[in-house]
Amino acid sequence: MKTRLLPIVALIGIGVAHSQAQVLSNPSFESPSLSTNGWTYEPLNASWRFDPMAGIANGDSPWGRGAVQGTQYGFLQRNSELDQTITSLSLGHNYAFTFWMMRRNGGFGADNGVPLKALLDGSIVFPQIFYDLPTWKIAGSHAFTASSSSALLKFVTLPDIEDRAELIDDIKIFEVQRAPVASMVLTSGILANGTSGDILASDDVYWSLKPEPGSDQVTTPIRVAGVFGISTASPRYLSVQIESAASTGVLRQVVKLYNFQTNIFDTVGNTVLLSSDNRTHVVVVSNPTSYVDPLAMSVRCQIQVDKTSFPRSNSWRYRIDEIAFFWN
Ligand SMILES: [Ca+2]
Ligand SMILES: [Ca+2]
Ligand SMILES: [Ca+2]
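Residues numbered from 1 in each chain as written. Chains lettered and ligands numbered in written order. Predicted model: local features only at pLDDT ≥ 70, side-chain atom pairs only at ≥ 80, totals over all residues.

Asks: For this particular structure, what's the right way to read the overall build of the protein chain?
Replies: Scanning the protein chain for helices and strands turns up 0 helices and 23 strands. In terms of overall dimensions, the protein chain is globule-like: its C-alpha atoms have a radius of gyration of 22 Å, near the 20 Å expected for 328 residues. C-alpha atoms of the protein chain, sized along the principal axes, occupy 70 × 45 × 35 Å. In the protein chain, which comprises 328 residues, the share counted as buried stands at 41%. (Helix = DSSP H or I, 4+ residues; strand = E, 2+ residues; numbered from the N terminus. Rg over C-alpha atoms; globule rule 2.2 N^0.38 Å. Buried ≥ 20, exposed ≤ 12 C-beta atoms within 10 Å, placed from the backbone.)

Right under this line is the structure:
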């Protein structure tokens, strides 16, 4: 088996954690201080720009039943936005953010949620998600690289349906480290072109894979297993970014992470691939510690690719331009 093991020399160093200037003002919507159970559209002096149907609420309001952090939270009703220019980013460094979301839950008229997404300078960093439950849930953005010291962070809700609103609170932006790839091994399928080292950068140099001959009825024609080293046993954030493509539009890419608490691989991502390079982001902010080997302080990732339709011909190719793994 030694010949199939293709260890990769770590090219990406682990950055030194450092104290960081505040990049986001009023991240918990505690300013301006409203009266108990009060609320207002478009509050002034909040550091955020609000659309006319977005605002801040306090405590037990027509919008919700209390904050995650402090006593106040933001709300976005129907199709609306709130945004802020974040500052003090370090050029070329990687960042991500977490926040909490839940649906409108004030018992005042309809209690319905509305799909929410987040953009950074117009690029989606949190995909549109419809979270329609009356309990706060933590959510996490993609990792993103600062291309200047400031950027516009915007939360947007759609569609424009009366009485629907989403609440948000306690946004935390933090620097993330890019983890070195300890190893990346092809455990099912055969090499068509390139080497596993080709996944280290988004440079259109590919690790190109194809199914084993005669694997028509095989459930998992291609499986890649990776190990990423991190420097903590208890991260608050993990994400995998895979830039990949398929030669046919019916290939499915399933991303799994090994759960060291239950000793099974959990499916954390499932996408149909495109014929040109596309980035898949998988973000873990709910109990990320369960995915870290507490002794080796590493994360095990598995990527499976198969065809979603019959016949399972083996004339197709799967190619990976880059796999990047981020943690905090
Ligand atoms: Ca708050
Ligand atoms: Ca590419
Ligand atoms: Ca590459």
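Asks: Explain the domain arrangement of the protein chain here, please?
Replies: In many reports, interface size means the accessible area that the parts give up when they come together. In terms of domains, the protein chain is made up of domain 1 (39-175) and domain 2 (178-327). Centre-to-centre separation of domain 1 and domain 2, based on C-alpha positions: 30 Å. The interface of domain 1 with domain 2 comprises 9 residues on the first partner and 9 residues on the second. Partitioning the side of domain 1 that touches domain 2 into residue classes produces 4 nonpolar, 5 polar and no charged. (Domains from an automatic or database assignment. Contact = placed C-beta atoms within 7 Å. Nonpolar A, V, L, I, M, F, W, Y, C, P; charged D, E, K, R; others polar.)

Asks: What am I meant to see in the pairing of strand β11 (residues 151-157) here?
Replies: Both faces of the sheet carry side chains from a regular strand, because those side chains alternate between them. Burial analysis of β11 places 5 of its 7 residues in the buried class, which makes it a mostly covered element. Pairing of strand β5 (residues 81-86) with β11 involves 6 bridges; the strand directions are antiparallel. Note on β11: the bridge partner recorded for E81 is V156. Judged from the 5 bridges that link them, strand β7 (residues 116-120) and β11 form a sheet pairing that is antiparallel. Bridge pairing in β11 links L120 to L153. (Pairing = 2+ DSSP bridges.)

Asks: Sorry, what's going on with the sheet that holds strand β14 (residues 181-188) here?
Replies: As a general point, the strands of a sheet are linked pairwise by backbone hydrogen bonds and lie either parallel or antiparallel. Pairing is antiparallel across the open sheet formed by 5 strands, whose spatial order is β14-β17-β22-β19-β20. Here the strands that pair on one side only, and so sit at the sheet edges, are β14 and β20 (264-272). Taken over all neighbouring pairs, the strand axes of this sheet differ in orientation by 20 degrees on average, direction set aside. Two elements, strand β19 (residues 251-259) and strand β22 (residues 298-307), share 7 bridges in a ladder whose sense is antiparallel. (Axes fitted to C-alpha atoms, helices over the stretch in contact; angles between N-to-C directions.)

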